[in-house]
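Structure at a glance
So you can see what is in the structure, the chains are spelled out below.
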Amino acid sequence: MTTATEPGTLSAAQLLDLYEEMAVIRRTEKAIQDLFLAGFVKGTTHLAAGHEAVAVGASAALRDDDYVFATYRGHHHAIARGATPEECLAELMSRATGVCKAKGGSMHLTKAESHMLGSYAIIGAHLPMAAGAAWSAMLRGTEQVAVAFFGDGATNIGPFHEALNLAAVWKLPVIFVCENNLYMEYTPIASVTAVPNPAADRASAYGLTGEIIDGNDVQVVYDAVLQAARRARAGEGPSVIEARTYRHYGHSRTDPAKYRPEEEVAEWMARDPLTLARDRLTALGVAGEEIDRVDSRARQLVSEAVDAAKAAPEADPAEALTDVWADGSATWRT
Amino acid sequence: MADVTTGNGAVTYRESVAEGIAREMRRDPTVVCLGEDIGAAEGVFKTTVGLFKEFGGRRVWDTPISEQAIVGAAMGAAMTGLRPVAEIMFSDFLACCWEHLAVEIPKVRYMTGGQVTVPLVVRTANGGGLGFGAQHSQAVENWAFTVPGLKIAAPSTPADVVGMMASAIRSDDPVVFFEHKGLFASKGAPAPPDHVVPLGQARIARGGDDLTLVALASTVPTALAAAERLAGEGISAEVVDLRSLIPLDMRTVLASLERTSRLMIVEENPYQGGWGGTVASIVADEGFELLDAPIRRVASECVPLPFADRLEDEVIPTVDRVTDAVRRLASY
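Residues numbered from 1 in each chain as written. Chains lettered and ligands numbered in written order. Predicted model: local features only at pLDDT ≥ 70, side-chain atom pairs only at ≥ 80, totals over all residues. Heavy atoms only, no water.

The next subject is the sheet that holds strand β6 (residues 151-153) of chain B. As a general point, the strands of a sheet are linked pairwise by backbone hydrogen bonds and lie either parallel or antiparallel. Residues and elements named next belong to chain B. Reading across the sheet, the 7 strands line up as β3-β2-β4-β5-β7-β6-β12 and stay open at both edges, with mixed pairing between neighbours. Edge positions in the sheet fall to β3 (60-62) and β12 (244-246), since each of these pairs with one other strand and no more. Strand-to-strand, the axes of this sheet are offset by a mean angle of 20°, without reference to chain direction. With 6 bridges joining them, strand β5 (residues 121-126) and strand β7 (residues 175-180) adopt parallel strand pairing. By the bridge assignment for β7, V122 is matched with V176. Running at roughly 165° to strand β4 (residues 83-90), helix α3 (residues 67-78) makes contact with β2 (31-35), β4 and β5 of the sheet. (Pairing = 2+ DSSP bridges. Helix = DSSP H or I, 4+ residues; strand = E, 2+ residues; numbered from the N terminus. Axes fitted to C-alpha atoms, helices over the stretch in contact; angles between N-to-C directions. Contact = heavy atoms within 4.5 Å.)

Set out below in structure tokens:
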């Protein structure tokens, strides 16, 4: 993971690393879409293509031992925090080698050993958890920070408000990052929310400052999270960051996203986070061929991950009756 | 034998709650408490008396009225190195944080393939008998019983409160700890030092030969009072205090039935969906040949809890109702 530096000072080499991580996520999401259509992935998926800069920029600004909590649209966060595309793909393909042993699936990718503490599929539920992890870090004196990533839709549910209030009252080292992609599932967030900026405008109700940023620009995300993390570590309490972004696919597998105006889609596709990062790299003097090499390396890595996941064994049926309790068992009576 | 309920040195169920928590907080610095009014106010039921004074504001945290924040934060803290003890004031309010208690906490270990553990306790004042009406009197232990992944403790005596609190806080699994409102003022022998009662170990509260009464929390004293009354009529009833619902100690129940061959389950939660249905079904599956009579359940009526005492007594199992039911079962 890229080492945190000063805001605005990502070197070309660091930015190229972040570009590569974003490219790997983009390729993984595309592979998942293809594997779903080919019948390898069951259930549903909520692809994060278009949101890569939020995950990668934020992750680069965090310490390796900081905690991350994500949502059911969380593939990008799992990969940004150390899960490999292969173990994520294996999870989605119900393989024994899946990152959650094929017990979680697309909506629950988790990589606890690198402090990515889960993807949660009930809207808003994980915001209080992140506050609790931050509380724990504060009491243990570790200067760790907890980050909750959530969608714009989560700002209208109770736990969002309960978590912001508790975090503000207890001055917890937690960062609330809203990935505002303009749509709450199929409905424009603006049409169901009393304020124009669903997360940032609510922050002031809890005595917090809400910052609105370009969630498609990895440098901008990096800078905002770096500063929020510094405030948190300095005991200055929580931050609310509203990162405006856009999804390239529909809400979930069954949604072709026909409700989005063509001009809006075109405008955001032109501001693809990979394109913006490429522009920044070019401005820093990185040659187009070098960026292309990174692109093909990402394509190659994901292609090999797909092959490896396909070749992995199916989940062992015996696993269904393990991991309920801390002793590994599922025994509920004596 | 001295009567521990009145003798010198007897302690209340209520003060045993704070005692149980304090013992664990002394031995393990990662144990922290959070909840509404639990700090300087020492709890609306006075079940956290002395904790704030002894351990201070870094270990005992007052929260806003935000049940999802309380239980959600406890979950996040439990996943990251603490052993939080969260109080939900009335068990009816578990409905406010049911998302975390039913859908997040019991599932996260499983759905991550065992990557995380959630060593937390959610304590709550459960049950009726005090005239708090429909929204502050429910016995909801059966709610938790429907969700795989939660351990469920429901002690009936002061010593068990302390001993089971030790097990609950030391457990690496999430535990819902039901403290019965109707028992807070009851007295019993104090817990000895280092008292630990494992979860999943039922207790024979009274020996008997003619039939087995399986009870939990508030229905234990009810069953004991009925057994005492019936002893005068020549009916010898054994009373099994289950102590915890998960793990469920069916071994003790089945062993009792080998001697008594008659089973009555006495539960405070409603008959519909009550935990006794599962106990009955296991006995029907595995102990059918032990039985000489049909299994009987005495549970609360399937109505919301009414306010007036005379109405509440019509709903919750009373000593009279249990006694009548036992007479019929004994003569079957």
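Bringing the interface of chain A and chain B into the picture now. Of the residues lining the interface, 42 residues belong to chain A; the matching set on chain B comes to 50 residues. Taken over both partners, the interface formed by chain A and chain B buries close to 3900 Å², and the fraction arising from carbon and sulfur atoms is 65%. On the chain A side of the interface with chain B, the three residues burying the most area are W135(A), W325(A) and T334(A), jointly 18% of the side's total. For E286(B), the salt bridge is made with R333(A), and the minimal N-O distance between the two is 2.7 Å. Across the contact surface, chain A and chain B share 23 residue pairs in polar contact (both at pLDDT 80 or more). Counting residues per element, the ones that place at least two in the side of chain A that touches chain B are β1 (67-71), β2 (116-120), α5 (126-140) and α6 (158-169) of chain A. Ranked by the residues each element gives to the side of chain A that touches chain B, the list is headed by α5(A), at 9 residues. When its residues are assigned to classes, the side of chain A that touches chain B shows 24 nonpolar, 10 polar and 8 charged. (Buried area = accessible area lost by both parts, 1.4 Å probe. Salt bridge = Lys/Arg side-chain N within 4 Å of Asp/Glu carboxyl O. Polar contact = N/O pair within 3.5 Å; in protein donor to acceptor, adjacent residues only side chain to side chain. Nonpolar A, V, L, I, M, F, W, Y, C, P; charged D, E, K, R; others polar.)

Residues and elements named next belong to chain B. Within strand β10 (residues 211-215), 5 of the 5 residues are buried, which leaves the element mostly enclosed by the surrounding structure. Both faces of β10 are covered, namely the face carrying L211, L213 and A215 and the face carrying T212 and V214. With helix α7 (residues 219-231) bridging β10 and its parallel neighbour strand β11 (residues 237-241), the resulting β-α-β unit is right-handed. Judged from the 3 bridges that link them, β10 and strand β13 (residues 263-270) form a sheet pairing that is parallel. Paired with L213 across the two strands is M264, which belongs to β13. (Buried < 20%, exposed > 50% of the residue type's maximum accessible area, 1.4 Å probe, protein only. Right-handed = clockwise from strand over helix to strand, strands pointing away.)

The next point concerns the pairing of β7(B). Residues and elements named next belong to chain B. Within β7, 6 of the 6 residues are buried, leaving the element largely enclosed by the surrounding structure. Burial along β7 is two-sided: V175, F177 and E179 facing one way and V176, F178 and H180 facing the other are all buried. Where β6 lies against β7, 3 bridges are found, and the strand directions are parallel. Within β7, the position partnered with A153 by the bridge is F177.

Per the stated rule, a full pass over the model turns up 3 cavities of 30 Å³ or more. By volume, the largest cavity amounts to about 60 Å³. Along its surface, the largest cavity is lined by N126(B), A139(B), E141(B), A154(B), F178(B), H180(B), L216(B), A217(B), S218(B), E268(B) and W275(B). Here the lining of the largest cavity is composed, by residue class, of 6 nonpolar, 3 polar and 2 charged. Taken domain by domain, the makeup of the lining of the largest cavity includes at least three residues from each of domain 1 (11-188) and domain 2 (203-330) of chain B. Roughly 40 Å³ of internal volume is contained in the second largest cavity. Lining the second largest cavity are V324(A), I105(B), P106(B), R109(B), T117(B), V118(B), G149(B), D173(B) and P174(B). (1 Å grid on protein atoms, 1.4 Å probe; cavity = no way out; pocket = protein on both sides within 12 Å on 5 of 7 lines; lining within 4 Å. Points joined across faces, edges and corners; volume = space filled by probe spheres on them. Domains from an automatic or database assignment.)

Moving on: the sheet that holds strand β3 (residues 146-151) of chain A. Residues and elements named next belong to chain A. Sheet architecture is open: 6 strands sit in the order β2-β1-β3-β4-β8-β7, paired in parallel fashion. Two strands close off the open sheet at either side, each with one partner strand: β2 and β7 (210-214). For this sheet, the mean angle separating the axes of adjacent strands, direction not counted, is 20°. Sheet topology places β3 next to strand β4 (residues 174-180); 6 bridges connect them, and they run parallel.

This part takes up the domain arrangement of chain B. Residue and element names in this part refer to chain B. We note that the domain assignment places domain 1 (11-188) and domain 2 (203-330) within chain B. For domain 1 versus domain 2, the distance between C-alpha centres works out to 26 Å. The contact between domain 1 and domain 2 buries some 1900 Å² in all, and 61% of this surface belongs to carbon and sulfur atoms. Taken as a group, E141, N142 and F145 account for 27% of the area that domain 1 buries against domain 2, more than any other trio of residues on that side. Across the pair D160 and R203 runs a salt bridge whose closest N-O atoms are separated by 3.8 Å. For the interface between domain 1 and domain 2, the tally reads 14 residue pairs in polar contact (both at pLDDT 80 or more). Of all the elements in the fold, those that place two or more residues in the side of domain 1 that touches domain 2 are α5 (141-145), β6 and α6 (158-170). Class assignment for the residues of the side of domain 1 that touches domain 2 results in 11 nonpolar, 10 polar and 3 charged.

For the rest of this paragraph, the subject is unusual backbone geometry. Residue I246(B) is joined to P247(B) through a cis peptide bond whose omega torsion reads -5°. For P247(B), the location among the structural elements is in the loop between β12 and α8 (250-260). Backbone geometry at L182(A) places phi at a positive 75°, although glycine is not the residue there. Note that L182(A) resides in the loop between β4 and β5 (183-184). The class for L182(A) is buried, based on a relative accessible area of 15%. Even without being a glycine, A257(A) presents a positive backbone phi close to 60°. A relative accessible area of 10% places A257(A) in the buried class.

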